[in-house]
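# Remarks on the overall topology
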Amino acid sequence: MKNTGRLAVVMDPIDDIKYAKDSTLAMLLAAQSRGFELYYLEQQDLFVRDGRAMGHVRPLAVRADPKSWFTLGEAAVQPLGGFECILMRKDPPFDMQFIYTSYILELAEAQGALVANRPQGLRDMNEKVFTAWFPQCCAATLITRDMADMGAFLREHGTIVCKPLDGMGGRGIFVIEQGDKNASAIFESQTRYGAEYAMVQRYLPDIVTGGDSRVLLIDGEPVEYALARIPAGHDNRGNLAAGAQGVGRPLNERDRWLAGQVGPVLAARGMIFVGLDVIGGFVTEINVTSPTGIRELDKQFHIDIGDRFIQAVERRLEARSRH
């Protein structure tokens, strides 16, 4: 069914994206193909005037052309609540500006727009911390500001991963072995000498051979393939941004069980597109801000995940229109 609605996207500068890897572009190509009129905003284009969520909005056309993948029209001020759907695809950092943007988008939601992913969920579901809601899916994990507790966790498990709660793309992630003389310095740096929370997890050696797999959920249901991100030989991090190699594989029974535990909960809270990071059968992160992995899986398995996502958006819109 072709759509005649208007869809806006809030994203990082579209001229700076990596054409071959950008999942937001895949979504936009699918939305345009299904008949949506596209509009474009960056974070600074959103504002509130007298209680109305507004934006400096530019018409957008996209193309499957690696040399020229978009055209933007002239900006005009429009109420954000008048769009059928707004895609929130701004990458972290998850800072106060991101939170303020989520307030504006929540106002747009109250004024009529479907926002994907839901702004309240973007605020509530920190990608590291929210794993605590699913302890049955996770390896041993500690979230703390106490450096002595981190040291005890290291002694308990022998090898651990230490990471900040607000990072992305593998930034600030350390693998620490018992006896590492840098351990105390890492704990001090990650917690800013006990002033901020950080996470430590039991190291999962499966990452070396099986990688850090991205399992994509569309409205709670998993895509049938995962993207296993195999760390480069000189690195511990399974992040494409850190040089890992993306290798697609079919989901296994454990992947499907994890998706069944997490997916319905997130879908019920308005998180339509989610990426689970899975190492050795354990969820290590739940990515809700701007998950990636679409283009690599589409290319390897000749599927169209962006189209599936837009169909899920359409079903949500149809459900809203019936109420």
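Residues numbered from 1 in each chain as written. Predicted model: local features only at pLDDT ≥ 70, side-chain atom pairs only at ≥ 80, totals over all residues. Heavy atoms only, no water.

Glancing now at the pairing of strand E12 (residues 198-202). With respect to burial, E12 is a largely interior element, 4 of its 5 residues being buried. Two elements, strand E10 (residues 159-164) and E12, share 5 bridges in a ladder whose sense is antiparallel. Pairing of Cys162 across the sheet is with Val200, part of E12. (Buried < 20%, exposed > 50% of the residue type's maximum accessible area, 1.4 Å probe, protein only. Helix = DSSP H or I, 4+ residues; strand = E, 2+ residues; numbered from the N terminus. Pairing = 2+ DSSP bridges.)

Spatial ordering of the open sheet is given by E15-E14-E13-E16-E17, a layout of 5 strands whose pairing is antiparallel. Across the chains shown, the open sheet's two edge strands, defined by having one partner strand only, are strand E15 (245-250) and strand E17 (282-287). Neighbouring strand axes in the sheet, compared pairwise and without regard to direction, differ in orientation by 30° on average. Bridge count between strand E16 (residues 273-279) and E17: 5 bridges; the pairing is antiparallel. Each bridged residue has a counterpart across the sheet, and for Val278 the counterpart in E17 is Val283. Strands in contact with helix H7 (residues 253-268) are strand E13 (212-218), strand E14 (221-230), E15, E16 and E17; relative to E16, the strand with the most contacts, it is inclined by about 145°. (Axes fitted to C-alpha atoms, helices over the stretch in contact; angles between N-to-C directions. Contact = heavy atoms within 4.5 Å.)

Moving on to the environment of Thr209. Relative to the helices and strands, Thr209 resides in helix H6 (residues 207-210). Look at Thr209 and you get exposed, because its relative accessible area is 70%. Thr209 sits 155 residues away from Met54 along the chain, and the two C-alpha atoms are 48 Å apart.

So, about the sheet that holds E10. Pairing in this open sheet of 4 strands is antiparallel, and the strands run E9-E12-E10-E11 from one edge to the other. At either margin of the open sheet sits one strand with a lone partner, and together these are strand E9 (141-144) and strand E11 (174-177). Averaged over all neighbouring strand pairs, the angle between strand axes comes to 25°, with direction disregarded. Judged from the 4 bridges that link them, E10 and E11 form a sheet pairing that is antiparallel.

Another aspect to go through is helix H9 (residues 305-321). With 17 residues, H9 ought to run about 24 Å at 1.5 Å a step, and its terminal C-alpha atoms sit 25 Å apart, in line with that. Considered for burial, the residues of H9 that qualify are Ile305, Gly306, Asp307, Phe309, Ile310, Ala312, Val313, Glu314 and Leu317. (Expected span 1.5 Å × (residues − 1).)

It is worth spelling out the packing of aromatic side chains at this point. Counted by the stated rule, this structure contains 9 aromatic pairs. Centroid distance Trp69 to Phe70: 6.3 Å. Interplanar angle 50°. Geometry classified as tilted. With a relative accessible area of 13%, Trp69 lands in the buried category. Geometrically, the ring pair formed by Phe130 and Phe134 is edge-to-face, given 5.8 Å between the ring centres and 70° between the ring planes. Three or more aromatic residues link up through ring pairs in this structure, and these residues are Tyr19, Trp69 and Phe70. Over the ring of Tyr197 we find Arg145, and its NZ or CZ is 5.4 Å from the ring centre. Positioned above the aromatic ring of Tyr19, the side-chain terminus of Arg295 is 5.1 Å from the ring centre. (Phe/Tyr/Trp six-rings, centres within 6.5 Å; stacked < 30°, edge-to-face > 60°. Lys NZ or Arg CZ within 6 Å of the ring centre and 35° of its normal.)

What follows is about unusual backbone geometry. For the peptide bond that leads from Ala116 to Asn117, omega is 0°, which places it in the cis range. You can see Asn117 is positioned in the loop between strand E8 (114-116) and helix H3 (119-124). Phi at Asp50 takes a positive value of approximately 50°, unusual for a residue other than glycine. Positionally, Asp50 belongs in the loop between strand E3 (46-49) and strand E4 (52-62). For Asp50, a relative accessible area of 69% translates into the label exposed.

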